[in-house]
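Working through the structure, step by step
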Amino acid sequence: MFRLYTMKVLVSAYACSPNMGSEPGMGWNWCVNLASHCELHIITEGEFRDKIEEMVPTLVQGANMHFYYLPVTEKVRRMCWNQGDWRFYYYYRKWQKKTLELARKICEDEAIDILHQLNMIGFREPGYLWEISKETGIPFVWGPIGGLKQFPMQYTEGASWKMKTFMLIKNRLNTWQIKHSWRVGLAMKQASLLISAIPDSNKAIKKHKHLESIIIPETGTIVETYPIANRERFLNDSLTIIWVGKFDFRKRLDLAIKAIATVANRKLMLKVFGTGSKEQEEYAKELSKQVGIEDRIQWMGSCPNKQVIEEMRNADLFLFTSVNEDTSTVVLEAISNRLPVLCFDTCGMSAVITEQVGIKIPLSTPEQSIKDFANRIAYLYDHRNTLVAMSQNCQQRAEELSWENKAKKMMSLYEDVLKNKNNAQTL
């Protein structure tokens, strides 16, 4: 649509940094791609200021990116990086209060069209930009919103009582907070647009708040132009499978190890990228010995992302056994690198993986999942042409999930929000 002005969007993105994954990479990639279409005023924390200020001048759209920094202490940063440290939310809320004050000043100086609460994506902290929307009428957008998935309790089988109790309390706390948190309720009610990161968030918002939201995964693909993988790569005697992640409980590496052990009469090699605590690593390696496949696993440890990408481009299958994610970056990296995916049909994976690029198995029980994963691996070992076709289809899926396409979709939604606002004002 032809526009006589450049849309101005004020973005709250606590975590934002180039050349990173997780929340900082998510914040950066949304902003850097939106900046190709509109002018952004971005309030962020200060941990990655040097990286941001080094990168922005090199970008064509850099002139459209105006950063404002509200740094926190190193103590708070450590809490943030230590996922599960609930103390962080106290300091994060204080940071959002400062963001509100700064945002008000920016709105006084700039003709802001849209207020966007971008990240962190957890639903528990909606920030305070919605207050400015209530005061001024500037449309408020919130999302992608995550953190509303429930941990499937059947997958705590075999876990310690402490882990089972933690997961149960977290599930119940999620439900209580989405139903009763007054700030979450006010923010959602004030929002002109809600964006869910995964289908679980969409369902929870609809169920508990009776509100609609648009599903857009919080992370995206970077579509690179490199030669399509030679189909011969998938026709070797052995099948190379990659697993990537932290060795924490929700990733369920044990299911991958047991599934490989269950597949009989096939040559398989599982490459495990990632680390955990000393106890977690010892457990995983001991388990591989107990099920008799220590010679079929390569423990790659913590590797640079560049090496993981190279391995993906030479592997046959990406096995993702997590039962509790929003949208995992590594799944999208697999698609970007034309590596077929085998995963659970849940959380962000259910929205990202299609039958054209992978296979999803239902949540059931750990025992049944081991059998299901093993059966699919055996099938793909015997039907290599299926892997070839999936790999070729990954290019189109990567383009559909690209950051560029997400930015274009968001811009279209921004336009709709402003159009609805203008229509309401003329009534």
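Residues numbered from 1 in each chain as written. Predicted model: local features only at pLDDT ≥ 70, side-chain atom pairs only at ≥ 80, totals over all residues. Heavy atoms only, no water.

Section: helix α6 (residues 161-180)
- Counted at 1.5 Å a residue, the expected span for α6 with its 20 residues is 28 Å, and the 28 Å between its end C-alpha atoms agrees.
- Within α6, the full set of buried residues consists of Met167, Asn171, Asn174, Gln177 and Ile178. The arc that holds the buried residues of α6, viewed along the axis, is 140°, so those residues lie on one side. The exposed set on the far side of α6, more than 90 degrees from its buried face, consists of Trp161, Lys162, Ile169, Arg172 and Trp176.
- For α6, the elements touching its buried residues are α7 (182-190) and α8 (199-209). (Helix = DSSP H or I, 4+ residues; strand = E, 2+ residues; numbered from the N terminus. Expected span 1.5 Å × (residues − 1). Buried < 20%, exposed > 50% of the residue type's maximum accessible area, 1.4 Å probe, protein only. Arc of directions from axis to C-beta. Contact = heavy atoms within 4.5 Å.)

Side note on unusual backbone geometry
- Each neighbour pair has its own omega, and for Asn119 with Met120 the value is 15°, a cis peptide bond.
- In this chain, Gly143 is followed by Pro144 through a cis amide linkage whose omega measures 10°.
- With respect to the helices, strands and loops of the structure, Pro144 is situated in strand β5 (residues 140-145).
- For His210, which is not glycine, the phi torsion reads 55° and is therefore positive.
- With respect to the helices and strands, the residue His210 is situated in the loop between α8 and β7 (214-215).
- Not every positive phi belongs to a glycine, and Cys347 is a case in point at roughly 50°.
- Counting through the fold element by element, Cys347 comes out in helix α13 (residues 347-352).

Overview of a nonpolar patch on the surface
- Taken together, the side chains of Trp86, Tyr89, Phe166, Ile169, Leu173 and Trp176 define a hydrophobic patch exposed on the protein surface, amounting to about 590 Å² of accessible area.
- Sort the elements by how many residues they give to the nonpolar patch and α6 lands first, with four residues.
- Inspection of the secondary structure assignment puts Tyr89 in helix α4 (residues 88-109).
- Taking relative accessible area as the criterion, Tyr89 reaches 31% and is therefore assigned partly exposed. (Patch = residues over 30% accessible without salt bridge, like charges linked within 9 Å, V, L, I, M, F, W, Y side chains within 5 Å. Areas by Shrake-Rupley, 256 points an atom, 1.4 Å probe, with all protein chains shown as cover. Salt bridge = Lys/Arg side-chain N within 4 Å of Asp/Glu carboxyl O.)

Focus: the side chain of Arg124
- Within the secondary structure, Arg124 is located in the loop between β4 (114-119) and α5 (129-136).
- One buried charged residue, Arg124, remains without a salt bridge, the closest side chain of opposite sign being Asp326 at 8.7 Å.
- In this structure the side chain of Arg124 is engaged in a polar contact, spanning 2.5 Å, whose partner is the side chain of Gln177.
- The contacts of Arg124, once residues within four sequence positions are left out, are Trp86, Tyr89, Lys170, Asn174, Gln177 and Val184. (Lys, Arg positive; Asp, Glu negative; His and termini not counted. Polar contact = N/O pair within 3.5 Å; in protein donor to acceptor, adjacent residues only side chain to side chain.)

A closer look at the nonpolar core
- Formed by 39 residues in total, the largest nonpolar core has its most connected members in Ile241, Leu253, Leu268, Leu342 and Ile377.
- The dominant element in this core, judged by the number of residues it contributes, is helix α14 (residues 366-382), at seven residues.
- Counting 37 residues, the second largest nonpolar core, distinct from the first, contains Leu10, Phe88, Val184 and Met188. (Core = buried A, V, L, I, M, F, W, Y, C linked by side-chain atoms within 4.5 Å.)

Some points on the sheet that holds β5
- With parallel pairing, seven strands are arranged side by side in an open sheet as β3-β2-β1-β4-β5-β6-β7. The sheet terminates laterally at β3 (65-69) and β7, the two strands that pair on one side only.
- As judged from the three bridges shared by β5 and strand β6 (residues 193-196), these two strands associate in the parallel manner. In the strand pairing of β6, Val141 is matched with Leu193.
- Sheet strands in contact with α5 are β1 (8-13), β4 and β5, and its direction is about 165° off that of β4. (Pairing = 2+ DSSP bridges. Axes fitted to C-alpha atoms, helices over the stretch in contact; angles between N-to-C directions.)

Some remarks on the environment of Met7
- Counting through the fold element by element, Met7 comes out in the segment before β1.
- In this structure, the C-alpha to C-alpha distance between Met7 and Lys267, residues 260 residues apart in sequence, is 56 Å.
- If sequence neighbours within four positions are ignored, Met7 has contacts with Cys38, Glu39, Asp113, Ile114, Met411, Tyr414, Glu415 and Leu418.

A look at the packing of α4 against α5
- Contact geometry for α4 and α5: axes closest at 9 Å, N-to-C directions at 40°. On the basis of the axis angle, α4 is oblique to α5. In the packing of α4 onto α5, the handedness of the crossing is right-handed. Contact residues: Leu100, Ala103, Arg104 and Cys107 in α4; Leu129, Glu131, Ile132 and Glu135 in α5.
- Taken together, the residues of the contact of α4 with α5 sort by class into five nonpolar, no polar and three charged. (Parallel < 35°, antiparallel > 145°, perpendicular 65-115°, else oblique. Left-handed = near helix turned anticlockwise from the far one by under 90°. Nonpolar A, V, L, I, M, F, W, Y, C, P; charged D, E, K, R; others polar.)

Considering the pairing of strand β12 (residues 341-344)
- By the bridge criterion, three bridges tie strand β11 (residues 317-320) to β12 in an arrangement that is parallel. Its bridge partner lying in β12, Leu319 is registered against Leu342.
- Taken together, β11, helix α12 (residues 329-336) and β12 constitute a β-α-β crossover, and its handedness is right-handed.
- Relative to strand β13 (residues 358-361), β12 runs parallel, the two sharing four bridges. Pairing of Phe344 across the sheet is with Ile361, part of β13.
- Following the backbone out of β12, through α13 and into the adjacent parallel β13, one traces a crossover that is right-handed. (Right-handed = clockwise from strand over helix to strand, strands pointing away.)

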